[in-house]
Amino acid sequence: MFSLPLHDDARLAPLEVRHAEEFAEHLDRAREHIRPWVGPGFVTEDVGGARATLERYAQRQAADGARLYGIWWNGSLVGGVMFTDFDAAVGSCELGCWLEPSAEGHGLVTRACAALLEWAFTTRKLHRAEWHCRADNDHSSAVAKRLGMTLEGVRREAWPYQGTRYDKQLWAVLAPEWQSTGR
Ligand SMILES: CC(C)(COP(=O)(O)OP(=O)(O)OC[C@H]1O[C@@H](n2cnc3c(N)ncnc32)[C@H](O)[C@@H]1OP(=O)(O)O)[C@@H](O)C(=O)NCCC(=O)NCCS
């Protein structure tokens, strides 16, 4: 499969059903790190669960919906980015992301999300891209800021996790804003 270089040793490529075992091994390294911050359905416990996630995304991609991409760094799957939602008719999408701890702090996710936004806005002519995160997820909101997104609002106590309800931020960037950043 074709892949997009993110920098010298990192590449972005579709994360597909055939990667189920590799994805499950990666989740063993990432699970507890990402659990508080991502949807519970994404945090699976074994190869069967990992494969089910990949199959779900494959089915949605076949309908021109959600899409999933892995980030390989020095040959190892270390995280990824996705369109958690993609609606060409409405002209809107939502991005998501995750990394295992060893891959944080290198700009991998910002670069990968920029590639997705470029495709969504330029190739697919979408108008709006959203980013949803727990309001106390500073690493995630920093990515949204680096991508030129605007904080549009807070859905109060909309994110239940282990008996507590957290606020959820909604960030977005529009096509003309993305073009004006010159990326
Ligand atoms: C959210 C998450 C993916 C962000 O990871 P991240 O490594 O901070 O993000 P990036 O890959 O874009 O890297 C940015 C970091 O690399 C640094 N960096 C180095 N080179 C860079 C470059 N060329 N471009 C951008 N940043 C660069 C930045 O300064 C920043 O580091 P800092 O936070 O110390 O300032 C990660 O924290 C994570 O997986 N968290 C748990 C799951 C999660 O929250 N997912 C999102 C749900 S909404």
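Residues numbered from 1 in each chain as written. Predicted model: local features only at pLDDT ≥ 70, side-chain atom pairs only at ≥ 80, totals over all residues. Heavy atoms only, no water.

## Some thoughts on the side chain of Arg 134
And then number 1: As for its placement among the helices and strands, Arg 134 is situated in strand S6 (residues 128-134).
And then number 2: On the basis of relative accessibility, which here comes to 4%, the residue Arg 134 falls in the buried class.
And then number 3: Here the side chain of Arg 134 touches Asp 136 through a polar contact of 2.8 Å, side chain to side chain.
And then number 4: If near-sequence neighbours (up to four positions away) are discounted, Arg 134 is found in contact with Pro 36, Trp 37, Trp 159, Tyr 161, Tyr 166 and Asp 167. (Helix = DSSP H or I, 4+ residues; strand = E, 2+ residues; numbered from the N terminus. Buried < 20%, exposed > 50% of the residue type's maximum accessible area, 1.4 Å probe, protein only. Polar contact = N/O pair within 3.5 Å; in protein donor to acceptor, adjacent residues only side chain to side chain. Contact = heavy atoms within 4.5 Å.)

## Considerations on the pairing of S6
And then number 1: The element S6 is extensively covered by neighbouring structure, given that five of its seven residues are classed as buried.
And then number 2: Where strand S5 (residues 92-99) lies against S6, four bridges are found, and the strand directions are parallel. In the sheet register, Glu 94 faces S6, and the bridge partner there is Glu 130.
And then number 3: Crossover S5 to S6 through helix H3 (residues 108-123) is right-handed.
And then number 4: Strand direction decides the pairing type here: S6 and strand S8 (residues 164-174), joined by seven bridges, are antiparallel. Within S8, the position partnered with Arg 128 by the bridge is Leu 174. (Pairing = 2+ DSSP bridges. Right-handed = clockwise from strand over helix to strand, strands pointing away.)

## Quick look at the site of the ligand
And then number 1: As a matter of local geometry, the ligand sits amid 22 residues, with Leu 99, Glu 104, Gly 105, Thr 110 and Asn 137 nearest to it.
And then number 2: Contact distances for the ligand include 2.5 Å between an oxygen atom and a side-chain N or O atom of Thr 110.
And then number 3: One of the side-chain N or O atoms of Arg 111 is found 3.1 Å from a nitrogen atom in the ligand.
And then number 4: In isolation the ligand exposes 930 Å². Once the protein is present, 74% of that is buried. (Near = heavy atom within 4 Å. Areas by Shrake-Rupley, 256 points an atom, 1.4 Å probe, with all protein chains shown as cover.)

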